[in-house]
Amino acid sequence: MKPELETPKVADDAFDKHIKDVEAGLDSHKHLANGAISIETDLEAALLQHAGRFMCQVNTRSFKTESTAERLVGPSVFCTTDSLWEAIDLAWQMNKLVKVAIEWHDVTYTVPVGRRKQRKQRVIIDASSGRVTPGHLLAVMGPTGCGKTSLISALAGRLPTGGRLDGNILVNGQPRTKSFRNVSSFVMQDDELFHNLTVWETFMVAAQLRLPQSMSKEGRVLVVRNVIAELGLSKCVNTYIGNAAMRGVSGGERKRANIGVEMMSNPSLIFMDEPSSGLDAFQAQNVMEALWNLAHAGRTVIATIHQPRSSIYRMFDLLFLLSEGKTMYFGPAAEATSYFARWGFACPPQYNPADFFLDLISMDYRTSEAETESRARIELLARAYRKASTEGKASILDTAGVLDTLTGIPNTFSFQTSWLRQARVLLWRAWMQASRDKILLVMSIVQVVAIACILSALYSSMGYTQKAVADRTGLLFFICISTAFGNVLAVAHTFPSEKSVVNRERAAKSYRVSPYYLTKLLAESPTRLLQTILFVCIMYWAVGFNPSAERFFIFICIHLLQAFAAQALGIAVSAAANSEKTAQVAAPGITVIFILFGGFYINSASIPVWLAWIRYISFMYYAYVALATNEFRGACCWICDPVPVGQSQGDCLRTGDQILDRLSLGGYETWQGVVGLVGMIILYNCIGYVNLRLTKPRYQPLQALKKRQ
Ligand SMILES: Nc1ncnc2c1ncn2[C@@H]1O[C@H](COP(=O)(O)OP(=O)(O)OP(=O)(O)O)[C@@H](O)[C@H]1O
């Protein structure tokens, strides 16, 4: 249904000859001012077209002029002479799409529902069967809650655990294996992208992580350009992805960018869950056109869609209608109306078939009569389809011969790039994320400066009286608390949403967890360092802490280490949490417990033995030990309160060591606190790393049927 351009076919065995011909004539090409060459003959144009759309940046929407060359590649072609042959080579490689057909037989998905004693099995997908071959777009349609997402997730191997999945799923005639992910990609309903990157940067990051490392930079750029052209994103390449807080690309463009990221590895089989949801009619049309293009370039595309307008409906090659998990129809979309007409449900003329089918197969709960009637109709249609398919009367697409041409798919599923390359790309991305979030950056600095100024005003020049001892220890512990909460909460609010993007990228084997984790820590360090230096420089001298320069620098180090420990704790908790909300509740809860065991509120001698261990895993404790010993150890000449003549000075604390004894910290030195903090940074980060590895999404395995029916 997309008649824009009929692609001329150049036979495979003619390819070498074309290269030679063009090579011979290359010198006669008109060289453009920017070093590009213009393509002038039909032969070259055909070659370019054949070599692939991966070739050059081609304005796919400008096929207006009469010359075949221009019609094919647009009025301007911009391959530099240097990259031309590499581009052809790359295009040739990339065009070797592994053609993938998927078929499924009696796929049934059940989940347990209800409380333990009355637990029942609910059938979400009921014995579904079908087949899609390369070059086709299958739309899975049905009323809300009918099982569309469950079906495509089951086919893509992305169904969350918790139920039972039975049936057979075959890829190119073979049982689906792990390597199936080599050739397929799954685009989820939610657009999970980093909002601080532009469309171009998002694609380049994906290209650097997902394309083979051996590919040159020019090659990757060409692939990205091609994807951008294929998805019609040229006008927003330099726009930020954005999110609710930051204006970025439109909803439709974000959806297409999401598709583009998955496209980067040139998948042969693409699953899309509701690609048009949340978009206006025009945007939805654009997205579906992009899918049509992908399918008709030789891929197999399966998309769920809720209520398409008629122009979108006409793009579907195949239609799968589901209601209550049961198959209502599967076959060519163009034949669906005549199929239902055979059963007495004729679609009125001038009516959108999609609307008609949805009305036909939706449950109507408005009255009990309507419910009974709609249920009976759905049962009838389900039985009718079963009968038609078992008797071989269901209309199916003629795939004779197609399956025989399909080959096996590569039997490995591994990373495309080395650890170092992954680390380099991820470090760049993490740095962009951290440094471009200007509002967050400014707010966190304003907050730190404001707290430092208020503390300076409140505790200005505390002096060395006995009252100042309590003020000083109170202030030291308050600084620990504010650093802890500031960092733990900042991570708990940002990390969970990042985790879902990371999980998606890990599912596509884009990178290992270790480079991601390390580069995240590294990229966020400069901000923490800046915050620490600002805070300590403003407040330290104003409140009158220990005036030794050495102690000042040690204070900065301790404060920085505590910030790193708090960040690591935030990651450890957020990585273990199954949702953003859980992380945001758990992180402050754990911090409060660590504060309680920080050595300020309760004397260590008063803690019950069975709870004493918590103190040793509390970073607050080590931070407080380090800051207090740094402040008081060896300090002298504290002034006793005046007492009436003849009375003793009793409890007067004259030296810093006496103060430390009073705080039950007499046996500690600063280095012990510092070592403890370093230990906690390592411990929390190890826990965070392991949690992140362990909490990767788990998918429902398929219980293969013994015998295909
Ligand atoms: N693990 C589960 N436990 C209980 N019910 C489930 C589970 N998974 C899916 N369901 C239920 O199965 C039904 C189908 O869900 P699914 O998400 O596949 O529907 P859908 O057709 O994609 O819906 P929508 O169009 O609203 O996105 C829903 O009623 C859903 O609540």
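Residues numbered from 1 in each chain as written. Predicted model: local features only at pLDDT ≥ 70, side-chain atom pairs only at ≥ 80, totals over all residues. Heavy atoms only, no water.

J.: Got a sec to walk through the confidence of the model for the protein? Specific residues and values, please.
T.: Confidence in the prediction for the protein averages 80 pLDDT; 81% of positions are at 70 or higher. Every residue in residues 1-16 is under pLDDT 50, and counting partners more than four places away or in other chains gives 24 contacts. (pLDDT = per-residue confidence, 0-100. Contact = heavy atoms within 4.5 Å.)

J.: Tell me what's going on with the pattern of salt bridges, and back it up with residues and numbers.
T.: Scanning all chains against the criterion turns up 18 salt bridges. Arg131 serves as the salt-bridge partner of Glu103, at 3.7 Å between the closest nitrogen and oxygen. Of this pair, Glu103 sits in strand S1 (residues 102-113) while Arg131 sits in strand S2 (residues 120-132), placing them 28 residues apart in sequence. By relative accessible area, which is 8% here, Glu103 ends up buried. Residue Glu379 is joined to Lys326 by a salt bridge in which the shortest nitrogen-to-oxygen separation is 3.6 Å. Taken as a pair, Glu379 in helix H13 (residues 368-390) and Lys326 in strand S10 (residues 326-332) lie far apart in primary sequence, 53 residues in all. Its relative accessible area of 30% is what places Glu379 among the partly exposed residues. In this structure, a network of salt bridges that share partners links the residues Glu498, Lys520, Glu524 and Arg528. (Salt bridge = Lys/Arg side-chain N within 4 Å of Asp/Glu carboxyl O. Helix = DSSP H or I, 4+ residues; strand = E, 2+ residues; numbered from the N terminus. Buried < 20%, exposed > 50% of the residue type's maximum accessible area, 1.4 Å probe, protein only.)

J.: How would you sum up helix H7 (residues 217-230)? Please name residues and give values.
T.: Given a rise of 1.5 Å per residue, 14 residues ought to cover 20 Å, and the 20 Å separating the end C-alpha atoms of H7 matches this to within 8%. Where burial is concerned, most of H7 is hidden: 11 out of the 14 residues are buried. Those residues of H7 not exposed but buried are Gly219, Arg220, Val221, Leu222, Val223, Val224, Asn226, Val227, Ile228, Ala229 and Glu230. With its phi angle positive at about 65°, Gly232 sits one or two positions after the end of H7. (Expected span 1.5 Å × (residues − 1).)

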